Amino acid sequence: AQTVTQSQPEMSVQEAETVTLSCTYDTSESDYYLFWYKQPPSRQMILVIRQEAYKQQNATENRFSVNFQKAAKSFSLKISDSQLGDAAMYFCASGNSGAGSYQLTFGKGTKLSVIP
Amino acid sequence: SQTIHQWPATLVQPVGSPLSLECTVEGTSNPNLYWYRQAAGRGLQLLFYSVGIGQISSEVPQNLSASRPQDRQFILSSKKLLLSDSGFYLCAWSVTIGVTQYFGPGTRLTVL
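Residues numbered from 1 in each chain as written. Chains lettered and ligands numbered in written order. Predicted model: local features only at pLDDT ≥ 70, side-chain atom pairs only at ≥ 80, totals over all residues. Heavy atoms only, no water.

Observations regarding the overall build of chain A
As a reminder, the rule being used: Numbering of helices and strands starts at the N terminus; helices are DSSP runs of H or I of at least 4 residues and strands are runs of E of at least 2. Pairs of residues are marked as contacts when any of their non-hydrogen atoms sit within 4.5 Å. Here the open area of atoms and residues is found with the Shrake-Rupley method and a 1.4 Å probe, where only the protein chains shown may cover a residue. For this count, His and the chain ends are skipped, Lys and Arg are scored as positive, and Asp and Glu as negative. A charged residue contributes its charge at one atom only: NZ of Lys, CZ of Arg, CG of Asp or CD of Glu.
In terms of regular secondary structure, chain A is built from zero helices and twelve strands. Shown N-terminal to C-terminal, the secondary structure of chain A runs as helices and strands in the order β-β-β-β-β-β-β-β-β-β-β-β. In terms of its C-alpha atoms, chain A occupies a principal-axis envelope of roughly 45 × 30 × 20 Å. Pairs at least 24 residues apart make up 55% of the contacts formed inside chain A by residues separated by at least 6 positions. Of the roughly 5,800 Å² that chain A leaves accessible, carbon and sulfur atoms contribute 45%. In chain A, the 10 positive side-chain charges and the 10 negative ones have mean positions that sit 4 Å from each other.

Re the state of the cysteines
All names here are of chain A. To keep it simple, the criterion reads: Our working definition of a disulfide is a cysteine sulfur pair at a distance within 2.5 Å.
The tally for this structure, following the rule as stated, stands at two disulfides over all chains. Disulfide pairing places Cys23 opposite Cys92 at an S-S distance of 2.0 Å. Judged by the torsion about the S-S bond (-70°), the Cys23/Cys92 disulfide is left-handed. Within this pair, whereas Cys23 is found in the loop between strand 3 (19–21) and strand 4 (24–26), its partner Cys92 is found in strand 10 (residues 88–96), the two being separated by 69 residues in sequence.

Considerations on the interface of chain A and chain B
Put simply, the test is: One speaks of a salt bridge when a side-chain nitrogen belonging to Lys or Arg is within 4 Å of a carboxyl oxygen belonging to Asp or Glu. Pairs of N or O atoms within 3.5 Å make up the polar contacts considered here, provided that, within protein, one atom can donate a hydrogen while the other can accept it, and that residues adjacent in sequence are counted only when both atoms are side-chain atoms. For this classification, Asp, Glu, Lys and Arg are treated as charged, while Ala, Val, Leu, Ile, Met, Phe, Trp, Tyr, Cys and Pro are nonpolar and the rest, including Gly, are polar.
Listed per partner, the contact involves 21 residues of chain A and 22 residues of chain B. Here chain A is connected to chain B by zero salt bridges. Run the count over chain A and chain B and you get five residue pairs in polar contact (both at pLDDT 80 or more). Of all elements in the fold, only strand 5 (32–39), strand 6 (46–52) and strand 10 of chain A reach the threshold of two or more residues within the side of chain A that touches chain B. In terms of residues, the side of chain A that touches chain B owes the most to one element, strand 5 of chain A, which gives four residues. Taken together, the residues that form the side of chain A that touches chain B break down as nine nonpolar, ten polar and two charged.

Quick notes on the side chain of Gln6 of chain A
All names here are of chain A. Positionally, Gln6 belongs in the loop between strand 1 (3–5) and strand 2 (10–14). A polar contact is formed between the side chain of Gln6 and the backbone nitrogen of Cys92, at a distance of 3.0 Å. Here the side chain of Gln6 touches Gly109 through a polar contact of 3.1 Å, landing on its backbone nitrogen. Each residue touching Gln6, except ones within four places of it in the same chain, is listed here: Ser22, Trp36, Tyr90, Phe91, Cys92, Gly107, Lys108, Gly109 and Thr110.

Overview of the pairing of strand 6 of chain A
All names here are of chain A. Heads up, the condition is: Paired strands are those between which DSSP finds at least two bridges.
When strand 5 meets strand 6, the two strands line up antiparallel, connected through six bridges. Following the sheet pairing, Leu34 is matched in strand 6 by Gln51. Joining the antiparallel neighbours strand 5 and strand 6 is a turn of six residues, in which Arg43 adopts a positive phi near 75°.

What about the packing of aromatic side chains?
Stated formally: Only centres within 6.5 Å qualify two rings of Phe, Tyr or Trp (six-membered ring in Trp) as a pair; their planes then separate them into stacked at under 30 degrees, edge-to-face at over 60, and tilted for everything else. Residue exposure (1.4 Å probe, protein chains only): buried if accessible area is under 20% of the type maximum, exposed if over 50%, otherwise partly exposed. A ring is scored as having a charge over it whenever the NZ atom of a lysine or the CZ atom of an arginine sits within 6 Å of its centre and within 35 degrees of its normal.
This model, assessed by the stated rule, comprises twelve aromatic pairs over all chains. A ring pair is formed by Tyr25 of chain A and Tyr32 of chain A, whose centres lie 5.4 Å apart and whose planes are at 55°; its orientation type is tilted. Exposure remark for Tyr32 of chain A: the relative accessible area of 4% places this residue in the buried category. Measuring from centroid to centroid gives 5.4 Å for Tyr37 of chain A and Phe103 of chain B, while their planes differ by 90°, and the two rings are edge-to-face. A residue pair is termed interchain when its members come from two chains, as with Tyr37 of chain A in strand 5 and Phe103 of chain B in strand 10 (residues 102–103). The burial state of Tyr37 of chain A is the same as that of Phe103 of chain B; both residues are buried. Taken together, the ring pairs in this structure connect Phe35, Tyr37 and Phe106 of chain A together with Tyr34, Tyr36 and Phe103 of chain B into an aromatic cluster. Against the face of Phe88 of chain B rests Arg43 of chain A, its NZ or CZ located 4.3 Å from the ring centre.

Quick notes on unusual backbone geometry
A cis geometry characterises the amide bond from Trp7 of chain B onward to Pro8 of chain B, with omega recorded as 0°. Tracing the backbone through its elements, the reader meets Pro8 of chain B in the loop between strand 1 (3–7) and strand 2 (10–13). Non-glycine residue Arg43 of chain A carries a positive phi angle of around 75°. Of note, Arg43 of chain A is situated in the loop between strand 5 and strand 6. For Arg43 of chain A, a relative accessible area of 18% gives the class buried. At Asp81 of chain A, a residue that is not glycine, the phi angle is positive and equals roughly 50°.

Put into structure tokens, the structure is as follows:
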């Protein structure tokens with residue numbers, strides 16, 4: 001079974017500054033994927049970034065980047081130049097690509113506030 | 001591009017009443033489909049998934065059921081709602097099993 005842990009229930013950042021959200025995971029699978037989803041007040045889950053475990057290079061999407069430490073089973077999200085629209089719940093998730101694997105395992109989320 | 005729809009957006013139902021939530025996906029064929037529930041202040045719990053028409057797998061035994069009458073349509077139902085069924089219900093789709101899932105806008109269900 002997979003587990004995903006987000007140890008920071010809440011975080012805040014000044015507008016235009018950088019913030020890092022932490023996530024650790026545990027899996028016995030060798031082929032897996034990691035995700036960060038954003039859930040704004042509208043509550044729709046929006047994919048922010050995805051990382052394939054077999055790739056050593058950290059994924060980047062505009063102002064969002066990850067620090068993937070496979071040996072430490074750590075997958076943090078860095079948001080640069082924070083904007084007011086970044087305020088949301090952020091969920092870390094993991095999933096397998098193997099046959100019969102259908103479930104994404106989610107952490108409990110980190111609520112990010114952006115201070116103007 | 002692919003689009004996922006859910007309706008209704010908000011629903012208030014009395015205890016013991018039936019439920020039907022609908023999810024449809026556009027722009028893709030033979031998607032994998034998922035129903036999640038998110039209780040207040042908690043993460044997501046997978047309820048059902050489907051890999052094809054008429055193929056439903058349940059992850060959590062409960063008062064709910066799911067059906068997939070068409071390739072891109074996924075329905076969540078209940079014959080008699082319980083107070084504990086209140087929550088935010090999200091539908092999602094993916095192209096490949098276990099890989100990236102894309103979520104719909106969700107339905108907020110309140111059972112009184």
